Amino acid sequence: MSRSPRYAVFISGRGSNLRALLESHQLHAPSLVLSSRKKAAGLEHARDAEIPELVVRRRDFSGGGEFCRALNEALEDHAIEWVVLAGFMVILPDEFVERWSPRIVNIHPSLLPLFPGLHPHRQALDAGVEESGCTVHLVEPGDVDGGKVLAQATVPVRTGDTEESLAARILEAEHRLYPETLVDLLA
Ligand code: GRF
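Quantities reported herein were computed from a predicted structural model and do not represent experimental measurements. Here, residues in each chain are numbered from 1, in the same order as that chain's written sequence. Under the rules for a predicted model, residues below a pLDDT of 70 receive no local features and side-chain atom pairs below 80 are neither given nor counted, while totals for whole chains, interfaces and linings still include all residues. Calculated side-chain values reflect all of the structure's heavy atoms, with hydrogen atoms and water omitted.

Categorising residues by exposure relies on relative accessible area from a 1.4 Å probe, with only protein chains included: less than 20% of the type maximum marks a residue as buried, more than 50% marks it as exposed, and the intermediate range marks it as partly exposed. For the purposes of this entry, the term helix denotes a DSSP run of H or I that reaches at least four residues, the term strand denotes a run of E that reaches at least two, and both are numbered from the N terminus. When we look at burial in helix H1 (residues 16-23), the residues that qualify are Ser16, Asn17, Leu18, Ala20 and Leu21. Close packing links the buried residues of H1 with strand E1 (7-11), strand E2 (32-35), helix H2 (43-48), strand E4 (82-85), strand E5 (104-108) and helix H6 (163-185). Throughout, a contact is declared for two residues whenever any of their heavy atoms are within 4.5 Å.

Quick look at the structure:
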């Protein structure tokens, strides 16, 4: 019987997607939670679940190469095989993505290729679309929200929606889609 691959979840903030992964009954637990911020609220979820946690801050390194080495060292120390980005707000050096691709995956709150990058909810509202949603995709060098789409979930955009109300509706869909997709990918 083959074993399930060891994976790290990268976060920067509240970590609600991390919590959804930890609460999934189908998915095995991550082997490491890595945060780009000491004060990321999501680190609490790692502590509660007794998952090893680590903070690696981009600003502690003068160049992308050093930052990349620090990330790789952390991942190697924990024998990590897959990188799962969940609200990681730091642009990863190409060198890092090249090293991990195709074993690096992200979730983005829009129906890619629509509305990549920052403020996807605002972009969706400005465009007047009737539906938006979220996308789980592989991360490829040089293209932050590009890469092969693995799964998408759609939600309606309602009259009177604000960025906050749309984000909350999409986030609920994210919390279902990410664990489901990772179960297939990391089984
Ligand atoms: C989510 O909307 C995710 O799609 C995006 O960043 C947000 C992270 O939220 N990449 P959380 O930290 O998982 O609550």
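Our next topic: the nonpolar core. Here, nonpolar core refers to any group of buried Ala, Val, Leu, Ile, Met, Phe, Trp, Tyr and Cys residues whose side-chain atoms link them within 4.5 Å. Core analysis: the largest hydrophobic core is formed by 32 residues, its most contacted members being Val9, Ile11, Val84, Tyr178 and Leu182. Contributions of two or more residues to this core are made by E1, H1, H2, E4, E5, strand E6 (131-138), strand E7 (149-156) and H6. If we skip the residues at most four places from it in the chain, tyrosine 178 touches Asn17, Leu21, Val84, Leu85, Ala86, Val105, Asn106, Ile107 and Val136. Counting 22 residues, the second largest nonpolar core, distinct from the first, contains Leu32, Phe67, Ala70 and Leu71.

On to unusual backbone geometry. Here serine 101 and proline 102 are connected by a cis peptide whose omega angle stands at 5°. Along the chain, proline 102 falls in the loop between helix H4 (94-100) and E5. Note the cis peptide between leucine 112 and proline 113, where omega equals 15°. One non-glycine residue, alanine 79, lies in the positive phi region at around 50°.

Turning our attention to the sheet that holds E5. Pairing in this open sheet of seven strands is mixed, and the strands run E3-E2-E1-E4-E5-E6-E7 from one edge to the other. Of all strands in the sheet, those bounded by a partner on one side alone are strand E3 (53-55) and E7. Averaged over all neighbouring strand pairs, the angle between strand axes comes to 20°, with direction disregarded. Only when DSSP finds a minimum of two bridges between them are two strands counted as paired. Across four bridges, the pairing between E1 and E2 is parallel. In this analysis an axis means a line fitted to C-alpha atoms, helices contributing only their contacting stretch, and an angle means the value between N-to-C directions, from 0 to 180 degrees.

Without other data, these values stay purely geometric and don't point to any function.
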